[in-house]
Amino acid sequence: MPPAPLPHDEAERLIALHGLDLIDTPASEVFNSFVRVASGIFSTTIAAISLIDTDRQWFKASVGLPIRQTPRDVSFCAHAILQPHEVLCVSDARLDPRFTDHPDVLSGDLRFYAGVPLLSEEGHALGALCVADRHPQQPDKRQLEHLRDLATGVSAAIRLHSLMHRLEKEAHRDPLTSLSNRREFEALLSPAANDSVTLFLLDLDNFKGINDVFGHPGGDLVLQEVGRRLQALVRSGDRAFRLGGDEFALLCPGMASSEARQALADRIHAAIGAAFMVDDQPVPLRTSIGIATLPDDAKTAQELVQAADAALYRAKRAGRGVTRQAATLPDTIDPLVPKGISAVHNIGRMDLAARLRQALVPSGAEPFHLVFQPVMALNTQETTSLEALVRWDISPGSAVPPDEFVTLAERLGLISHLDRWVLNAACKEAATWPKPWRVAVNISALSFGLMDVAAMVEDALTSSGLASDRLIIEMTETALGGDTTQVQKAVQGIRELGARIVLDDFGGGHGSLMTLRQFPFTGLKIDQSLVKPIASDTVHARMVEVLAEFGHVLDIRVVAEGVESMEQLRILAECGVPLAQGYLFAKPVRPSDLVQAIEAAEVNLRAALAASQLGPFSEAA
Ligand code: C2E
Ligand code: MG
Ligand code: MG
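Each value, and the rule that gives it
- Residues numbered from 1 in each chain as written.
- Chains lettered and ligands numbered in written order.
- Predicted model: local features only at pLDDT ≥ 70, side-chain atom pairs only at ≥ 80, totals over all residues.
- Heavy atoms only, no water.
- Donors = N, O, S within 2.8 Å, 3.2 Å for Na, K, Ca; no water.
- Helix = DSSP H or I, 4+ residues; strand = E, 2+ residues; numbered from the N terminus.
- Pairing = 2+ DSSP bridges.
- Axes fitted to C-alpha atoms, helices over the stretch in contact; angles between N-to-C directions.
- Domains from an automatic or database assignment.
- Near = heavy atom within 4 Å.
- Polar contact = N/O pair within 3.5 Å; in protein donor to acceptor, adjacent residues only side chain to side chain.
- Areas by Shrake-Rupley, 256 points an atom, 1.4 Å probe, with all protein chains shown as cover.
- Contact = heavy atoms within 4.5 Å.
- Phe/Tyr/Trp six-rings, centres within 6.5 Å; stacked < 30°, edge-to-face > 60°.
- Buried < 20%, exposed > 50% of the residue type's maximum accessible area, 1.4 Å probe, protein only.
- Salt bridge = Lys/Arg side-chain N within 4 Å of Asp/Glu carboxyl O.
- Parallel < 35°, antiparallel > 145°, perpendicular 65-115°, else oblique.
- Nonpolar A, V, L, I, M, F, W, Y, C, P; charged D, E, K, R; others polar.
- Expected span 1.5 Å × (residues − 1).

A. Seen up close, the coordination of the magnesium ion (ligand 2). Looking at the metal site, the magnesium ion (ligand 2) is ligated by Glu387 (OE), Asn442 (OD1), Glu474 (OE) and Asp504 (OD), spaced 2.0 to 2.2 Å from it. Of note, the donors binding the magnesium ion (ligand 2) are all from one chain and are spaced E-x54-N-x31-E-x29-D.

Written out as structure tokens, the structure reads:
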């Protein structure tokens, strides 16, 4: 059988294909589900997502095929990609001169084939979604249209996958210094717990003073230079990180001897202390260093960080430019309380944990309250729902940021108590509203594993009298893993009650395409970190566009979070995102100010759309 001719755009096509980083990746449920549906539509034994590489076709997903690749020469899909906008339908391959002497056709294993090209963003055909069978078949128009629709979904999934892959890579890098960031540090550290490894924690001395004198741009230059110097210092196998602010770390395998550790610390001091100029002025740079080694000073990764942290603390106290090595395992720090919980001045980490425990014991006194933030439909220019956000004023005028105490409640195992309180309070409040706006309630993914969330939702609906179709549950994916059957049941149970369930913070480092397809969500919220840069960064804008397209294919509602500027709104509307939430319309407000805030939000939305010369947006919300 003669091989298919090469497409006219072969070189660009291959660049687009290889740029996706999709070939030779593990099987994925998202793509598997597409091929299952395709084979169901045609009742064929075979269906596949085939990507046409230089010399081979590689199957990202398949049913009925025992192999993951074949030579390109024998690929039907290599023919399909020649007409990127057509369906290649071969009703009986024995009658088609292109395929009569194909080995599988000769052996009687393949008679019917239909394939729709999968397109890259620039329109190059990367491969095809195909079905095949050993019996000839004359599919009808409707079946072929379904295959085309599915292929549109697969193309969107491919683009989304590759953008997420890119963002995932970026998410592990500190943009200022290009060193790996805290997330990468934590990811690397956990598996390292079995090996011998030495951790150097660095905290620049008086960095605040440098910022004060040289301004933030000067401070940034200093941090970049420190990043470069540390990077230049490490041997292969060692890793340098910026953990945040003026905190850096080096992770070095081995280094059993105390002398070797001290020698590296001396080199770090020398490198950081070398002359550095900003605006023709020398910057006095020094750092404190805390060192700890696994397994000598700690048994687990978490203890290692604590030991190095404690050593760093002692180094700081001893003066500037000092190194301390871990002495003993620290036993005074509650391992459940994350470092960095220090939101409220004068309240230590331990104290905050104790107060939170107390706050969640039912006692009649409720230290929490809710605020609500409107979510706007761009087509009707009205408020469709309000997200309930919990607030904790620890003392008059002193609030703990919700991110912090929600994380703390998760670590202390108290999160389901908090979620139950918020759910009940939000439903009760929403039942009193003058219009039937929906109410969206955040429930931590951890609660889904700890309790029967569907039953909790049912209780809240019953006791508040709120109609179930007015409730939206927002779930973040932070801690999904392990056995997901309980989550699956809860998500399904919530839908069966008539409420909606959306995946929150999608693209913020947790929400993955996999989760989106694994559970029957009715919507997804695009995380602020993806929305923020869309006006200045085309990768993010494209990502949002693909998510909107994906929402359309999967028939789920897409909300963009954290919309702050008219330019962001204009791009979101152009991308086809139907719903938006953010300070551009309204900040979260107390229930007493709600009606007024909603009116103002709608005025703000209309004004912003009019100013961007975008009329009401036609997409159904
Ligand atoms: P989230 O669920 O993604 O909530 C959206 C957050 O973005 C809220 O922060 C909101 O005030 C903020 N936001 C909205 N529009 C804008 C904007 O235009 N610009 C900026 N910079 N921010 C905007 P908040 O209230 O601080 O909540 C932070 C996170 O804490 C929430 O993120 C959620 O993950 C968690 N959280 C808040 N309330 C609850 C709750 O009742 N239960 C649970 N489990 N988690 C909650
Ligand atoms: Mg939320
Ligand atoms: Mg969110």
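B. Local environment of the coordination of the magnesium ion (ligand 3). All of the protein donors around the magnesium ion (ligand 3) are Asp504 (OD), Asp505 (OD), Glu561 (OE) and Glu561 (OE); their distances to the metal are 1.9 to 2.4 Å. All donors of the magnesium ion (ligand 3) come from a single chain, and their spacing in sequence reads D-D-x55-E. Separating the magnesium ion (ligand 3) and the magnesium ion (ligand 2) is a distance of 3.8 Å, and Asp504 donates to both of them. Remark: Glu561 occurs in the loop between β21 (557-560) and α19 (566-575) and Asp504 occurs in strand β19 (residues 500-506); sequence separation between them is 57 residues.

C. Inspection of the sheet that holds strand β12 (residues 287-294) at higher detail. One open sheet accounts for five strands, arranged β8-β9-β7-β12-β13; its pairing is mixed. At either margin of the open sheet sits one strand with a lone partner, and together these are β8 (239-244) and β13 (323-325). Recorded for the sheet is a direction-independent mean angle of 20° between the axes of neighbouring strands. Bridging between strand β7 (residues 197-204) and strand β9 (residues 247-253) involves seven bridges; their strand directions are antiparallel.

D. Focus on the domain arrangement of the chain. Taken domain by domain, the chain holds domain 1 (10-170), domain 2 (180-328) and domain 3 (371-391 + 415-612). The centre of domain 2, based on its C-alpha atoms, is set 40 Å off from the matching centre of domain 3.

E. Layout of the site of ligand 1. Around ligand 1 sit 24 residues, and of these Arg391, Asp419, Gln528, Glu564 and Tyr583 come closest. Taking Asp403, its side chain carries an N or O atom lying 3.2 Å from an oxygen atom of ligand 1. Within the contact set of ligand 1, an oxygen atom lies 2.6 Å away from a side-chain nitrogen or oxygen of Gln528. Isolated, ligand 1 exposes 800 Å² of accessible area, and the fraction of that covered by the protein chains is 86%. At the level of secondary structure, the elements contributing two or more residues to the shell around ligand 1 comprise β15 (382-395), α11 (402-411), α12 (415-430) and β19. Sort the elements by how many residues they give to the shell around ligand 1 and β15 lands first, with four residues.

F. Layout of the sheet that holds strand β5 (residues 112-119). Pairing within the open sheet is antiparallel, and its six strands lie in the order β3-β2-β1-β6-β5-β4. Looking at the sheet topology across the chains shown, the edges are occupied by β3 (69-71) and β4 (88-90). Averaged over neighbouring strand pairs, the angle between their axes works out to 25° when direction is ignored. The sheet contact formed by strand β1 (residues 46-52) and strand β2 (residues 56-63) spans six bridges and is antiparallel. Bridging across to β2, Ala47 finds its partner in Val63. Against the sheet, helix α2 (residues 29-42) engages β1, β2, β5 and β6 (125-133), with an angle of about 75° to β2.

G. Molecular detail of the packing of aromatic side chains. Here the structure, examined in full by the defined rule, presents eleven aromatic pairs. Both rings, one in Phe76 and one in Phe99, keep their centres 4.1 Å apart while their planes meet at 10°; by these two values the pair is stacked. On the criterion of sequence distance, the pair formed by Phe76 in the loop between β3 and α3 (77-80) and Phe99 in the loop between β4 and α4 (103-106) is long-range, its members being 23 residues apart. Phe76 sits in the buried class, given a relative accessible area of 4%. Residues Trp433 and Trp437 carry aromatic rings whose centres are separated by 6.2 Å and whose planes lie at 65° to one another, so their mutual orientation is edge-to-face. Both residues of the pair, Trp433 and Trp437, count as buried.

H. How the structure looks around the pattern of salt bridges. Applying the stated criterion across every chain yields a total of 24 salt bridges. We note a salt bridge from Arg111 to Asp92, for which the minimum N-O separation is 2.7 Å. Of the two residues, Arg111 sits in the loop between α4 and β5 while Asp92 sits in the loop between β4 and α4, which places them 19 residues apart along the sequence. As far as burial versus exposure is concerned, Arg111 and Asp92 are alike and both buried. The residue Arg98 makes a salt bridge to Asp96 at a minimum N-O spacing of 3.0 Å. Salt bridges sharing common partners tie together Glu387, Glu474, Lys525 and Glu561.

I. Region of the structure containing the packing of α2 against helix α5 (residues 141-170). In the contact formed by α2 and α5, the axes pass within 10 Å of each other and the chain directions differ by 175°. One finds that α2 runs roughly antiparallel with respect to α5. On the side of α2, the interface is formed by Val30, Phe31, Phe34, Val37, Ala38, Ile41 and Phe42, while α5 contributes Gln143, Leu144, His146, Leu147, Leu150, Gly153, Val154, Ala157, Ile158 and His161. By residue class, the composition of the contact of α2 with α5 is 13 nonpolar, four polar and no charged.

J. Main features of α12. With 16 residues, α12 extends 22 Å between its outermost C-alpha atoms, agreeing within 8% with the 22 Å of an ideal straight helix rising 1.5 Å per residue. Of the positions making up α12, those classed as buried are Ile415, Ser416, Leu418, Asp419, Trp421, Val422, Leu423, Ala426, Cys427 and Ala430.

K. View of the environment of Ala499. Tracing the sequence through the fold places Ala499 in the loop between α15 (485-497) and β19. Under the relative-accessibility criterion, Ala499 is labelled buried at 5%. Considering only alpha carbons, one finds Ala499 and Ile534, 35 residues apart in sequence, at a separation of 31 Å. Excluding its chain neighbours within four sequence positions, the residues that come into contact with Ala499 are Ser468, Leu471 and Ile494.

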